[in-house]
Protein chains: 2
Amino acid sequence: MEIKSYRKDLFYSYTLGAFPTIELLKKHQKDVIKILVHSSFHNEEVLSLIHSLRKDTEIQINDKLISKLSNKENCYLAAVFNKYQMTLNPNKNHIVLVNPMNMGNFGTIIRSALGFGFTDIAVIKPAIDIFDPKVLRAAMGSFFSSNIVYFNTIEEYKALYPDHKLHSFMLQAKKTLQETEFESTPLSLVFGNESSGLPENYLDDNSIIIKHSNDIDSLNLPTAVGIALYEVDKQLKKR
Amino acid sequence: MEIKSYRKDLFYSYTLGAFPTIELLKKHQKDVIKILVHSSFHNEEVLSLIHSLRKDTEIQINDKLISKLSNKENCYLAAVFNKYQMTLNPNKNHIVLVNPMNMGNFGTIIRSALGFGFTDIAVIKPAIDIFDPKVLRAAMGSFFSSNIVYFNTIEEYKALYPDHKLHSFMLQAKKTLQETEFESTPLSLVFGNESSGLPENYLDDNSIIIKHSNDIDSLNLPTAVGIALYEVDKQLKKR
């Protein structure tokens, strides 16, 4: 099987670098197609960990393929894996990202989310390709601990998770995050696209604005999500 | 005068795009060398604002130069300006960034900082070039409302601002942001490099960790700074 540079329509993707490759093996070993090691990689600790996690997965020394997949960046360890299906946990709090379009931002959000115990992320289309290696790189391994599921519309998401109380983050909201008390769970924190935010029809009594000075138009998306996660996590842990 | 593509040793830099160009003219009109307009730019509202702000600054229609400075990205408005000196306000709270190395992160931090009323940023060398157009782009105009000053060492900074209480953000800290009460101002929020964090000698009783799950190594730097700014701003506004 010839491994090609990433395209959305391929049935596989790949990790680049030791940390995400180890996380992939820990969480989704059965989906791994092959592990790629560069001939100049001799970190015994990492190699022994890889061997203990791989079970029957093939390990291949293939400098040319690693160079191709990583666009010639310094990369010594990689793994090719089958894209797998995920499902959201109906009992956990969710993040809902509406039309996210920046892969680095998306990966950074997955990382922050896992840091505050949010493992379940709904993505409303159109959106970036969640399995793109650029997403995996920005997520720094956290991707493989998360459940990320596409929905065609927010209505489709709501119909499947009717018990989740939705809080849409938007500049038009009247309630500030600073004064909001999060009481009922499960809840969903909903964020819009990087440039345009959420459409006006998301505005309701549960909408929230992260109050900031008028000197800036808005906070950057991963920062806004990080702040919301911090506040919600802090409150829920106090109860 | 021939305008060259950006290099650190040039005495000038430039904004790309309408929003940062307008902010530059509003805050630092006297430092602007010339305004560049693309021949196909006909937004009357923006052009009239530019004319009202420019005073005696030259406006030049120069598609070739805009194309060169913006690396052929779609850009219709730009301004070349003299790099100017800034000073930190001794009575305001500061952010201190130790060895920041990512220009996009640095710009994003300036934007969040301004959003929470922090206009004064100390940068401990070695560090990115604060005037690089990549910083200005990520800062989205907020750069021109901020005071950003280099220091060779943290000791040099402390000697100049002896009244500031320093809070160093580091994973080794015992006190969590979630339980910290910020009482005395002026204060300085100190953050380390993207990869390595702060050196151990920054650790003291005022050090703070943003508590997160063990499933991630750390939060991304702009996210961590955003969360700290949010919490401090919220507490100081309540007093």
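Reference entry: report on the structure contained in this document.

## Let's talk about the overall build of chain A
The number of helices and strands found in chain A is seven helices and eleven strands. Radius of gyration (C-alpha) of chain A: 20 Å, near the 18 Å computed for a compact globule of 239 residues. Based on the C-alpha atoms only, the size of chain A along its principal axes is roughly 60 × 35 × 30 Å. Put simply, chain A has 239 residues, and 57% of those count as buried. For chain A, the share of sequence-separated contacts (at least 6 apart) that also reach a separation of at least 24 residues comes to 80%.

## What about the sheet that holds strand E1 (residues 12-16) of chain B?
Residue and element names in this part refer to chain B. Taking strand neighbours across the sheet as the criterion, the four strands line up as E1-E4-E2-E3 in an open arrangement whose pairing is mixed. Of all strands in the sheet, those with a lone pairing partner are E1 and strand E3 (58-61), marking the two edges. Between one strand axis and the next, the sheet turns by 20° as a mean value, whatever way the strands run. By the bridge criterion, four bridges tie strand E2 (residues 32-37) to E3 in an arrangement that is parallel. Note that in E3 the partner of Lys-34 across the bridge is Glu-58. Helix-sheet contacts for helix H1 (residues 18-28) involve E1, E2 and strand E4 (77-82), and the interaxial angle to E4 is about 35°.

## Considerations on the side chain of B:Asn220
With respect to the helices, strands and loops of the structure, B:Asn220 is situated in the loop between strand E11 (208-209) and helix H7 (221-238). On the basis of relative accessible area, B:Asn220 is assigned to the buried category, the value being 14%. Within the structure, B:Asn220 has its side chain in polar contact with the side chain of B:Thr223 (distance 2.7 Å). Setting aside anything within four residues of it in sequence, one finds B:Asn220 in contact with A:Thr108, A:Arg111 and B:Asn105.

## Some points on the packing of helix H4 (residues 103-115) of chain A against helix H7 (residues 221-238) of chain A
In a pair of packed helices, the angle between the axes and the distance between the axes together describe the arrangement. Residue and element names in this part refer to chain A. Between H4 and H7, the least distance of the axes is 9 Å, while the angle of their chain directions is 15°. As far as their axial angle goes, H7 and H4 are roughly parallel. Handedness of the H4/H7 crossing: right-handed. Only Leu-221, Pro-222, Val-225 and Leu-229 of H7 make contact with H4, whose side of the interface consists of Asn-105, Thr-108, Ile-109, Ser-112 and Ala-113.

## Looking at the layout of surface pockets
If a probe as big as a water molecule is rolled over the atoms, it shows which places are left empty. Residue and element names in this part refer to chain A. Roughly 430 Å³ of internal volume is contained in the second largest pocket. Lining the second largest pocket are 20 residues, and of these Leu-16, Leu-69, Ser-70, Pro-133 and Arg-137 sit closest to its centre. The set of elements that each furnish at least two residues to the lining of the second largest pocket consists of strand E1 (12-16), helix H1 (18-28), helix H3 (63-69) and helix H5 (133-139). Looking at which element gives the most residues to the lining of the second largest pocket, the answer is H5, with three residues. Each residue belonging to the lining of the second largest pocket can be placed in one class, and the counts come to ten nonpolar, five polar and five charged. Two domains share the lining of the second largest pocket, each providing at least three of its residues, namely domain 1 (12-82) and domain 2 (94-238).

## Some remarks on the sheet that holds strand E10 (residues 187-191) of chain B
Strand pairing in a sheet relies on backbone hydrogen bonds, with the paired strands running either antiparallel or parallel. Residue and element names in this part refer to chain B. Read across the open sheet, the five strands follow the order E7-E6-E5-E10-E8; overall the sheet is parallel. Looking at strand neighbours, the two that pair on one side only are strand E7 (147-151) and strand E8 (165-168), the edges of this open sheet. Going across the sheet, the axis of each strand differs from the next one's by a mean of 25°, ignoring polarity. In this sheet, E10 lies alongside strand E5 (residues 94-98) in parallel orientation, the contact comprising four bridges. From the neighbouring strand, Leu-97 faces E10, where its bridge partner is Phe-191. Sheet strands touched by H7: E5 and E10. Its angle to E10, the strand with the most contacts, is close to 160°.

## Comments concerning the pairing of strand E10 (residues 187-191) of chain A
Taken across its five residues, E10(A) has five buried, putting it largely inside the fold. Burial along E10(A) is two-sided: A:Leu187, A:Leu189 and A:Phe191 facing one way and A:Ser188 and A:Val190 facing the other are all buried.

Rules behind the numbers
Residues numbered from 1 in each chain as written. Chains lettered and ligands numbered in written order. Predicted model: local features only at pLDDT ≥ 70, side-chain atom pairs only at ≥ 80, totals over all residues. Heavy atoms only, no water. Helix = DSSP H or I, 4+ residues; strand = E, 2+ residues; numbered from the N terminus. Rg over C-alpha atoms; globule rule 2.2 N^0.38 Å. Buried < 20%, exposed > 50% of the residue type's maximum accessible area, 1.4 Å probe, protein only. Contact = heavy atoms within 4.5 Å. Pairing = 2+ DSSP bridges. Axes fitted to C-alpha atoms, helices over the stretch in contact; angles between N-to-C directions. Polar contact = N/O pair within 3.5 Å; in protein donor to acceptor, adjacent residues only side chain to side chain. Parallel < 35°, antiparallel > 145°, perpendicular 65-115°, else oblique. Left-handed = near helix turned anticlockwise from the far one by under 90°. 1 Å grid on protein atoms, 1.4 Å probe; cavity = no way out; pocket = protein on both sides within 12 Å on 5 of 7 lines; lining within 4 Å. Points joined across faces, edges and corners; volume = space filled by probe spheres on them. Nonpolar A, V, L, I, M, F, W, Y, C, P; charged D, E, K, R; others polar. Domains from an automatic or database assignment.

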